[in-house]
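Below, each chain spelled out in residue letters.
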Amino acid sequence: MSDGHPTGGFDDLALPLLRLRRSVKWTQYEPDVLPVWIAEMDFDVARPIHEVLLEAVSRSDLGYPSTEPLAAAFAHFARARWSWQVEVGHVHAVSDVVTGIAEVLLAMTEPGDGVVINPPVYAPFFSTIESVGRRVVSVPLVSVAGRPTVDLGRLDAAFAAGARAYLLCNPHNPTGTVLSRTELEAIADLAARYGVAVIADEIHGPLTHPDTEFTSFASLGQERCKRVVSLLSASKAWNLAGMKCAVIVAGSPSAEAELQRLPESLRYHVGHFGVLASIAAFTEGGLWLDECVRHIAANRVLLSELVTEKLPGVGYREPEAGYLAWLDFRTTTLGDDPADVLHTVGRVALSPGPPMGDEGIGFARLNFGTSPAILTEAVERIAATLAAH
């Protein structure tokens with residue numbers, strides 16, 4: 001196998017080639033629209049993943065997945081990347097993080113239970129909670145010195161009022177906040193006090209920027225909170241969303257006991273190619289990931305410069321992880337859903353803010369996991385829309 005370097009560059013992306021892709025990012029909108037919306041990067045796949053998939057096709061190895069090696073591969077990655085000692089027996093394969101969230105809620109809560117979320121937040125959180133017969137309990141993020149974070153006082157009140165689970169998004173989508181170990185420990189102590197299950201969506205964790213430290217909730221240890229589950233995947237960090245593979249990790253033996261209620265069939269919904277690609281990512285994709293993080297970290301700075309220069313009045317705070325920018329258009333004339341105007345007038349597609357909660361009204365999310373040239377073109381289209389509007 002290879003040394004983990006990318007199959008191609010991060011800066012020299014050609015739009016005509018990108019438009020040949022058949023993923024939803026490139027087919028959802030009209031051909032003249034520049035898509036910087038869904039959380040899918042534009043970069044070439046890492047060489048170890050490229051090779052393992054080509055080898056599987058050459059062998060006609062297209063059968064049902066064998067998920068057992070995935071747990072050891074993820075444990076290897078967690079130990080090497082975050083010094084997190086994962087118990088291999090506490091790792092469960094699932095097709096994707098959202099499906100995992102639904103199944104963990106079914107396993108760890110009862111019908112009608114309240115589930116806390118922190119809007120503005122990833123839109124499927126709302127529908128997923130409701131689809132399994134649980135109630136959304138909203139504890140919006142607060143701004144502390146300009147940084148979005150969890151309101152511990154309101155979280156305490158929600159737990160005291162009877163919420164039975166906390167669906168935490170960390171790193172947070174769409175704001176890019178990465179909660180510190182101290183913040184996570186405070187949350188864990190509250191959850192332990194009230195017996196609340198913490199279900200942590202940590203899918204953007206591997207994309208934490210170099211000036212920030214990521215801590216998985218499940219790594220805090222059962223002394224802090226016995227009912228903790230983390231969900232992670234290679235899908236965001238290595239751009240493998242279509243491969244359909246993620247992991248559910250119990251943070252303690254008692255959480256693992258609750259996860260025994262997960263349906264046995266869950267692992268059979270995982271994609272075979274997803275397992276192969278994820279194992280390659282976790283065991284051999286570190287160099288590519290490092291280069292990817294350096295590139296998106298540079299892009300977040302470039303975006304700051306472009307917003308300052310070309311988008312006066314638009315608010316932007318550099319995220320601490322990932323490649324998603326949460327842009328505040330509330331002082332502009334683009335209305336409650338700026339993404340709609342930017343699409344119809346500016347021919348640039350961003351993710352709309354309102355589906356992420358009332359706190360997303362007047363906001364839109366921009367994906368800067370692309371080349372500097374494409375990012376610059378996207379900002380120029382936004383600027384032209386603001387000027388015209």
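Everything here concerns the structure above.
Bear in mind that the values here come from a model prediction, so they are computed numbers and not experimental data. (Residues numbered from 1 in each chain as written. Predicted model: local features only at pLDDT ≥ 70, side-chain atom pairs only at ≥ 80, totals over all residues. Heavy atoms only, no water.)

Caption draft 1: A look at the overall build of the protein chain. A count of helices and strands for the protein chain gives 13 helices and 14 strands. Here the C-alpha atoms of the protein chain give a radius of gyration of 20 Å, agreeing with the 21 Å that 2.2 N^0.38 yields for 389 residues. Principal-axis analysis of the C-alpha atoms gives the protein chain an extent of 60 × 55 × 35 Å. The long-range share in the protein chain, meaning contacts at least 24 apart out of those at least 6 apart in sequence, stands at 75%. In the structure as shown, the protein chain presents an accessible area of about 15200 Å², 54% of it carried by carbon and sulfur atoms. Between the centroid of the 30 positive side chains of the protein chain and the centroid of its 46 negative side chains there is a distance of 2 Å. (Helix = DSSP H or I, 4+ residues; strand = E, 2+ residues; numbered from the N terminus. Rg over C-alpha atoms; globule rule 2.2 N^0.38 Å. Contact = heavy atoms within 4.5 Å. Areas by Shrake-Rupley, 256 points an atom, 1.4 Å probe, with all protein chains shown as cover. Lys, Arg positive; Asp, Glu negative; His and termini not counted. Charge placed at Lys NZ, Arg CZ, Asp CG, Glu CD.)

Caption draft 2: Up close: the packing of aromatic side chains. The full count for this structure, using the stated rule, is 14 aromatic pairs. Plain terms: the ring middles of tyrosine 122 and phenylalanine 125 are 5.9 Å apart, the flat faces sit at 85 degrees to each other, and that makes the pair edge-to-face. Look at tryptophan 238 and phenylalanine 282: their rings are 5.9 Å apart centre to centre, the planes differ by 90 degrees, and that puts the pair in the edge-to-face class. Residue tryptophan 238 is located in the loop between strand S9 (228–232) and strand S10 (246–250), and its partner phenylalanine 282 is located in helix H10 (residues 272–284); the two are separated by 44 residues in the primary sequence. The residues tryptophan 238 and phenylalanine 282 share a single accessibility class, namely buried. Among the aromatic residues, those joined into a cluster by ring pairs are Phe74, Phe77, Trp82, Trp84, Phe214, Trp238 and Phe282. (Phe/Tyr/Trp six-rings, centres within 6.5 Å; stacked < 30°, edge-to-face > 60°. Buried < 20%, exposed > 50% of the residue type's maximum accessible area, 1.4 Å probe, protein only.)

Caption draft 3: Seen up close, H10. The first and last C-alpha atoms of H10 sit 18 Å apart over 13 residues, in line with the 18 Å expected at 1.5 Å per residue. Taken residue by residue, H10 has His272, Gly274, Val275, Leu276, Ala277, Ser278, Ala280, Ala281 and Phe282 as its buried positions. Summarising the contacts, the buried residues of H10 are in contact with helix H3 (47–58), helix H4 (68–82) and helix H11 (286–310). (Expected span 1.5 Å × (residues − 1).)

Caption draft 4: Here's a closer look at the pairing of strand S7 (residues 165–169). Counting buried positions along S7 gives five out of five residues, so the element sits mostly inside the fold. Along S7, one buried face is formed by Ala165, Leu167 and Cys169 and the opposite face, lined by Tyr166 and Leu168, is buried too. Pairing of S7 with strand S8 (residues 197–201), which is carried by five bridges, proceeds in the parallel orientation. Considered in S8, the bridge of tyrosine 166 is made with valine 198. You can see the chain leave S7, run along helix H8 (residues 181–194) and come back into S8, and the turn it takes is right-handed. (Pairing = 2+ DSSP bridges. Right-handed = clockwise from strand over helix to strand, strands pointing away.)

Caption draft 5: Quick look at the environment of alanine 46. Take alanine 46: it is sitting in the loop between strand S1 (34–35) and H3. With 239 residues separating them in the primary sequence, alanine 46 and glycine 285 have C-alpha atoms 6.7 Å apart.

Caption draft 6: Broad picture of the sheet that holds strand S14 (residues 363–367). Reading across from one edge, S11-S14-S13 is the order of the three strands in this open sheet, with antiparallel pairing throughout. Each edge of the sheet is formed by a strand with only one pairing partner; in this case those strands are strand S11 (324–328) and strand S13 (351–352). By the bridge criterion, two bridges tie S13 to S14 in an arrangement that is antiparallel. Residue pairing for S14: serine 351 is matched across the bridge by arginine 365.

Caption draft 7: View of the side chain of arginine 134. Assignment of secondary structure puts arginine 134 in the loop between helix H6 (124–131) and strand S4 (135–138). At 5.4 Å, glutamate 110 is the nearest oppositely charged side chain to arginine 134, a buried residue that forms no salt bridge. Only 3.3 Å separates the side chain of arginine 134 from the backbone oxygen of glutamate 110, close enough to count as a polar contact. If we skip the residues at most four places from it in the chain, arginine 134 touches Leu105, Leu106, Thr109, Glu110, Pro111, Gly112, Asp113, Val115 and Ile129. (Salt bridge = Lys/Arg side-chain N within 4 Å of Asp/Glu carboxyl O. Polar contact = N/O pair within 3.5 Å; in protein donor to acceptor, adjacent residues only side chain to side chain.)

Caption draft 8: Examining the state of the cysteines more closely. With the rule as written, the count across this model stands at zero disulfides. Cysteine 169 takes part in no disulfide bond, and the closest cysteine sulfur to it belongs to cysteine 292, at a distance of 18 Å. Judged by its relative accessible area of 4%, cysteine 169 falls in the buried class. We note that cysteine 245 lacks a disulfide partner, and the nearest cysteine sulfur, in cysteine 292, lies 19 Å from it. (Disulfide = S-S within 2.5 Å.)

Caption draft 9: Summary view of the sheet that holds S8. The strand order across the open sheet built from seven strands is S2-S10-S9-S8-S7-S3-S4, with neighbouring strands paired in mixed fashion. Pairing within the sheet leaves two strands with one partner each, and these edge strands are strand S2 (91–94) and S4. Between one strand axis and the next, the sheet turns by 25 degrees as a mean value, whatever way the strands run. Bridging between S9 and S10 involves four bridges; their strand directions are antiparallel. Residue pairing for S10: leucine 232 is matched across the bridge by valine 247. Most of the contacts of H4 go to S10, to which it runs at about 70 degrees, and overall it touches S2, S9 and S10. Of the strands in this sheet, strand S3 (114–117), S4 and S7 are in contact with helix H7 (residues 152–160), which crosses S3 at around 175 degrees. (Axes fitted to C-alpha atoms, helices over the stretch in contact; angles between N-to-C directions.)

Caption draft 10: Layout of the environment of serine 180. Mapped onto the elements of the fold, serine 180 is located in the loop between S7 and H8. Along the primary structure serine 180 and glutamate 30 are separated by 150 residues, whereas in three dimensions their C-alpha atoms are 41 Å apart.

Caption draft 11: Focus on the environment of arginine 267. Checked against the element boundaries, arginine 267 lands in the loop between helix H9 (253–259) and H10. Given a relative accessible area of 26%, arginine 267 falls into the partly exposed group. In this structure the C-alpha to C-alpha distance between arginine 267 and valine 150, which are 117 residues apart in sequence, comes to 33 Å. Setting aside chain neighbours within four positions, we find arginine 267 in contact with Pro65, Thr67, Glu68 and Ala93. A polar side-chain atom of arginine 267 sits 3.0 Å from a polar atom in the side chain of glutamate 264.

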